[in-house]
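Here are the chains, one letter per residue:
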Amino acid sequence: MIFQDTIAAISTPIGEGGISIIRISGGQAKTIGLLILRTAKGLPFKDFTDHRLYYGKVIDPQKGQLIDEALFFYSRAPHSFTAEDTIEIQAHGGMVGISEILAVILQNGNGVRLAEPGEFTKRAYLNGRIDLVQAESIIDLIRAKTEKAHQIALSQLTGEATKEINTIEDQLYRVLIAIEAVLDFPEEGIPEMHRDHILDQTAAITRQLEYLLQKIDEGRKIREGLMIVIVGRPNVGKSSLLNTFLQEERAIVTEIPGTTRDIIEAQIQIQGIPVRLVDTAGIRRTENPIEQIGIQKAEQYLGEADLILFILDGGEPLTDEDRAILGKLQERPALIVINKADLPQQIQPEQFSEFEPRNIITLSLQTKQGFDQLLQRIIERVGIGEIAVDDRPLLSRIRHKHALERGLAALKSFTAGLAAGTSEDLLAVDLRCCLEAIGEISGKKVSDEVIHGIFAQFCIGK
Ligand SMILES: Nc1nc2c(ncn2[C@@H]2O[C@H](COP(=O)(O)OP(=O)(O)OP(=O)(O)O)[C@@H](O)[C@H]2O)c(=O)[nH]1
Ligand SMILES: [Mg+2]
């Protein structure tokens, strides 16, 4: 695909830094480069050598003024990230210089415009240099908060997922060819021997698809992370729990009920999974408008949590406030944490007959006794055990999940049809449906809206 316009953007974060990088991609890249870049002695270039790093000057050609000293290089199409002619300029970090360079590029370039978010990567995809899974993995790589998330993104970028998808597609095409061969001679049908062979092949593909699907939720957890919300009535030890996780006094802890008024969030890792840990205002009936807002927020977070830690003060009998919160936890993923085990206990785990005993943990945040058990139970409850390297999820997005589900459904319909003697033209339709769904993952067959949605998540300059 040839794009008419050339795009340019600052690819590094705006602010003070060692260097800032500007990228220009498209047919005009070299022309602009020749216009604004000079040798170290200030002389114009006649041409650039492909993939050679130059040291020189960036000037404003209209005023003849020096803007910065920089390193730069030219990558000739198709040997660049976008597969287009590209110029990359590494200038000094800082807001003013780099913005001036961008302005000069946009003012002097004929048909040059500011790149949209993710447009460099989008061009790499549309020019066939990378597929959609690889393009998505680039955002994941940038956003990865843990080593595990980074590993998955990297394996997608280097093409492990792509290879698997391509293999599945090849196998499906082979089955489709076998079915279509029969379509030319419908009176003969599929010979028995071929039918068995095809059934074996589709069974193998079904297993591969099911495996990818089974691993996606794990992949999503690693990529997106989880939200764990701590709730309870005032003074039970919610903020103490947050602080224990963080091993620092992040939230204010006092013996005064109603200490926490707002949501306090902290980013932690549990077994390599990013976790947003949320401490909330104690839920109780109150006339204080500030506290009321805090309580509303707490209830809102309750609805979005992947796991709720409901804290009770074991040193006091169960109150109506505790029961009211308990009522909100029905059908929600929750653990009951009975805190203050160092005090004489007024609450017994047996009081919560509707909860499984393993979902009730008694601990003391003062002595830290029982905290490890809570951690262990959280790990089990949200299913974030160790992941073996050779057993890594290859796909990790809801988009991939939906495509795999549709592909599997079509393949199962094909297999059932084949066993039941359905006509070959209908069998071919099922196979094509399956291929189409799988093709969406790599981006071979995907709508413009999906593509737009994916690249809109990128930052400008990527
Ligand atoms: N004895 C004992 N006291 C504890 C324990 N955990 C917390 N506390 C005390 O209980 C009080 C309340 O603790 P916080 O962590 O502020 O409770 P909270 O649930 O965040 O309270 P609010 O923010 O008011 O809703 C503090 O005085 C803590 O020192 C424990 O395991 N044992
Ligand atoms: Mg608190």
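The structure displayed is predicted, hence computed values, not measured ones.

Broken down by element type, the chain carries 14 helices and 13 strands. Principal-axis analysis of the C-alpha atoms gives the chain an extent of 85 × 80 × 35 Å. In the chain, buried positions account for 37% of the 462 residues. Long-range pairs, those at least 24 residues apart, make up 67% of the contacts in the chain with a sequence separation of at least 6.

Lys-238, Ser-239, Ser-240, Thr-260 and Gly-282 are the nearest of the 23 residues found near ligand 1. Looking at which element gives the most residues to the shell around ligand 1, the answer is helix H8 (residues 238-246), with 3 residues. Residues belonging to the shell around ligand 1 are distributed by class as follows: 6 nonpolar, 13 polar and 4 charged.

Right, let's talk about the environment of Glu-119 for a bit. Among the secondary structure elements, Glu-119 is positioned in helix H3 (residues 119-126). C-alpha of Glu-119 to C-alpha of Ile-101: the two residues are 18 residues apart in sequence and 19 Å apart in space. Every residue in contact with Glu-119, bar those within four places of it in the chain, is listed here: Ile-7 and Phe-455.

Side chains that are nonpolar tend, in soluble globular proteins, to be buried together. Counting residues in hydrophobic clusters, the biggest one holds 64 residues, and the most contacted among them are Ala-8, Ile-22, Ile-101, Ile-105, Cys-434 and Ile-438. Residue contributions to this core reach at least three from each of two domains, namely domain 1 (6-130) and domain 2 (134-221 + 397-443). What Ile-22 contacts, discounting residues up to four positions off in sequence, is Ala-8, Ile-10, Ser-11, Ile-89, Ala-91, Ile-98, Ile-101 and Leu-102. Ala-298, Ala-334, Ile-347 and Ile-361 belong to the second-largest nonpolar core, a separate cluster that totals 41 residues.

Here we come to the domain arrangement of the chain. With domains assigned, the chain is organised as domain 1 (6-130), domain 2 (134-221 + 397-443) and domain 3 (226-382). With 4 residues of domain 1 at the contact, the number on the domain 2 side is 4 residues.

This brings us to the sheet that holds strand S6 (residues 86-92). Here we have 7 strands laid out as an open sheet, ordered S3-S4-S5-S6-S2-S1-S7, and mixed in their pairing. Looking at the sheet topology across the chains shown, the edges are occupied by strand S3 (37-39) and strand S7 (112-114). In this sheet, neighbouring strand axes are inclined to one another by 35° on average, regardless of whether the strands run parallel or antiparallel. Pairing analysis gives 7 bridges linking strand S2 (residues 19-25) to S6, with the strands arranged antiparallel. What sits directly across from Ile-24, in S6, is Ile-87.

With that out of the way, let us pick up unusual backbone geometry. With the exception of glycine, the majority of residues adopt a negative phi angle, and the majority of peptide bonds are in the trans configuration. With omega at 5°, the peptide bond leading from Ala-77 into Pro-78 counts as cis. Here Pro-78 is to be found in the loop between strand S5 (65-75) and S6. With a phi angle near 75°, Asn-235 is a residue other than glycine that sits in the positive phi range. When you line up the elements, Asn-235 lands in the loop between strand S8 (226-231) and H8. Unusually for a residue other than glycine, Glu-331 sits at a positive phi of about 65°.

So, about the packing of helix H1 (residues 29-36) against helix H2 (residues 95-108). At a minimum axis separation of 10 Å, H1 and H2 run at an interaxial angle of 120°. By the angle between their axes, H1 is oblique relative to H2. In this structure, the crossing between H1 and H2 has a hand that is right-handed. Of the residues in H2, those in contact with Ile-32, Leu-35 and Ile-36 of H1 are Val-104, Ile-105 and Asn-108. Considered class by class, the residues forming the contact of H1 with H2 number 5 nonpolar, 1 polar and no charged.

In spatial order, the strands read S9-S10-S8-S11-S12-S13; together these 6 strands make up an open sheet with mixed pairing. Bordering the open sheet on either side are strand S9 (264-270) and strand S13 (360-362), each of which pairs with just one other strand. Across the sheet, the mean angle separating the axes of adjacent strands is 25° when strand polarity is ignored. When S8 meets strand S11 (residues 307-313), the two strands line up parallel, connected through 4 bridges. Residue pairing across strands places Ile-230 opposite Leu-309, the latter belonging to S11.

This brings us to the packing of helix H6 (residues 160-183) against helix H13 (residues 424-442). Interhelical geometry of H6 versus H13 gives an angle of 165° and a closest axis separation of 10 Å. When the axes of H6 and H13 are compared, the pair comes out roughly antiparallel. Of the two elements, H6 crosses H13, and the hand of that crossing is left-handed. Contacts from Thr-162, Ile-165, Ile-168, Glu-169, Leu-172, Val-175, Leu-176, Ile-179, Glu-180, Val-182 and Leu-183 in H6 reach Glu-424, Asp-425, Leu-427, Ala-428, Leu-431, Cys-434, Leu-435, Ile-438, Ile-441 and Ser-442 in H13.

What counts, and where the lines are drawn
Residues numbered from 1 in each chain as written. Chains lettered and ligands numbered in written order. Predicted model: local features only at pLDDT ≥ 70, side-chain atom pairs only at ≥ 80, totals over all residues. Helix = DSSP H or I, 4+ residues; strand = E, 2+ residues; numbered from the N terminus. Buried ≥ 20, exposed ≤ 12 C-beta atoms within 10 Å, placed from the backbone. Contact = placed C-beta atoms within 7 Å. Near = placed C-beta within 6 Å. Nonpolar A, V, L, I, M, F, W, Y, C, P; charged D, E, K, R; others polar. Core = buried A, V, L, I, M, F, W, Y, C linked by C-beta atoms within 7 Å. Domains from an automatic or database assignment. Pairing = 2+ DSSP bridges. Axes fitted to C-alpha atoms, helices over the stretch in contact; angles between N-to-C directions. Parallel < 35°, antiparallel > 145°, perpendicular 65-115°, else oblique. Left-handed = near helix turned anticlockwise from the far one by under 90°.

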